[in-house]
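Architecture at a glance
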Amino acid sequence: MPIDTNVKEEYIQVNLSVARDDYDTAIAVLSEIDYYGFEEDPAVLKAFVLSKDYSDSRLAETLATYFPSQEITREVEYIKAKDWNAEWEKNFHSVAVRDFCEVHPPHRDADPKMKHHVMVAPKMAFGTGHHATTWLVIDQCESLDFQGKRVLDMGCGTGVLGLLAKMLGAKEVTCIDFDPWSVENTLENARLNNEDGLEVLLGDASAIPSTCYDILLANINRNVLMADRDRYIAAMNPGGTLVISGFYDFDEAKLLAHFGQAGLKHVGRKEKDQWVMLAFEKPSNREGIK
């Protein structure tokens, strides 16, 4: 059943004193207990949850389980209900990735000077291009050949990367996200862009179809990338490209080693605001892979 994004619901903002190095882990584990949005400030991690889904005891137990050595303080703020559609329309501005691609909302005109335009109505889903990691992956897409390729967008958020791949000539695009809001939003954005044929699936890496892909885009977080590496590799055609982002520069060496140990060849890197994008190639059959 479609999600009604016009519903006005009260929500809670929890400010957590998690160590900055552990933001990715905290986001991953809190997402599993109904937290749907996050804002990363240098001093605190802001996590958002609907009032009806908030449980202080469950939050405390989760933090104690995953961060036993940290004494994490939490400050809870109750936020009044508001019209989220009106809110994002007021605050969501277009984002330009150089002159290559513009991500813009329906209420703003496209910039005719840009080569490509993706229209998104993000609602509560992640991936508008404002975040450095989405910007980095979009930027990397300019150097990739999508023509006639099969593409997988893991952790699709708004579907902006999958939609861009289709616009760049991809033959088939599969988008996967564990968040029902993201799945619904990706389908809506496909309609906005008049892009038919996107396969949009609810789930994690276990939902990846048996089809093998030429290009795999995974803008998620460090822990998920590490855990799902082998599933990604198994889903790639020999000679295929893997683009990953969603982690800080201090995690770069760990991810390079982890993916390199599996036999992938490191072929690209970009950085923005301490966030990093890495690109890899899967060896051809004759080269072999571990």
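Being a predicted model, the structure only gives us computed values, none of them experimental.

Inspection of the secondary structure puts glutamine 140 in helix α4 (residues 132-141). The class of glutamine 140 is buried, set by a relative accessible area of 9%.

Turning to the sheet that holds strand β14 (residues 275-281), a few remarks are in order. The mixed open sheet is built from 7 strands, whose spatial order is β10-β9-β8-β11-β12-β14-β13. Strands with a single pairing partner mark the edges of an open sheet, and in this sheet they are β10 (198-202) and β13 (265-272). Across the sheet, the mean angle separating the axes of adjacent strands is 15 degrees when strand polarity is ignored. In this structure, strand β8 (residues 150-154) lies alongside strand β11 (residues 213-219), joined through 4 bridges in parallel fashion. Paired with aspartate 153 across the two strands is leucine 217, which belongs to β11. Across the face of the sheet, α4 comes into contact with β11, β12 (236-248), β13 and β14 while running at roughly 35 degrees to β14. Across the face of the sheet, helix α6 (residues 180-192) comes into contact with β9 (172-177) and β10 while running at roughly 165 degrees to β10.

The buried fraction of β9 is high, at 5 of 6 residues. Here β8 pairs with β9 via 5 bridges, running parallel. By the bridge assignment, arginine 150 is partnered in β9 with glutamate 172. As a crossover connection, the stretch from β8 through helix α5 (residues 160-167) into β9 is right-handed.

In this structure the tally under the stated criterion is 4 aromatic pairs. Ring centres 5.8 Å apart and planes at 50 degrees place the aromatic pair tyrosine 11 and phenylalanine 48 in the tilted group. Of this pair, tyrosine 11 sits in strand β1 (residues 11-16) while phenylalanine 48 sits in strand β3 (residues 45-50), and the two are 37 residues apart along the sequence. Of the two residues examined, tyrosine 11 and phenylalanine 48, each falls in the buried class. A ring pair is formed by tyrosine 248 and phenylalanine 250, whose centres lie 5.2 Å apart and whose planes are at 25 degrees; its orientation type is stacked. What makes tyrosine 248 buried here is its relative accessible area of 4%.

Calculation notes
Sequence order as written defines the numbering, with residues in each chain counted from 1. Where totals are concerned, whole chains, interfaces and linings use all residues; where local detail is concerned, this predicted model gives features only for residues with pLDDT of at least 70, and gives and counts side-chain atom pairs only at 80 or more. Side-chain figures throughout are based on the complete set of non-hydrogen atoms in the structure, without hydrogens or water. In this description a helix means any DSSP run of H or I spanning at least four residues, a strand means any run of E spanning at least two, and both kinds are numbered starting from the N terminus. The rule is simple: take the accessible area with a 1.4 Å probe, protein chains only, and divide by the maximum for that residue type; under 20% is buried, over 50% is exposed, in between is partly exposed. Here a strand pair is declared whenever DSSP counts at least two bridges between the two strands. Axis lines are fitted through C-alpha atoms, for helices just across the contact stretch, and the angle between N-to-C directions can take any value from 0 to 180 degrees. Residues count as neighbours in contact if any of their non-hydrogen atoms are within 4.5 Å of one another. For a crossover, the right-handed case is the one in which the path from the first strand over the helix to the second runs clockwise, viewed with the strands pointing away from the viewer. Note on aromatic pairs: the rings of Phe, Tyr and Trp (six-membered ring only in Trp) are paired at centre separations within 6.5 Å, and the planes decide the class, stacked below 30 degrees, edge-to-face beyond 60, tilted for the rest.

Geometric descriptors of this kind do not, in isolation, establish any biological role.
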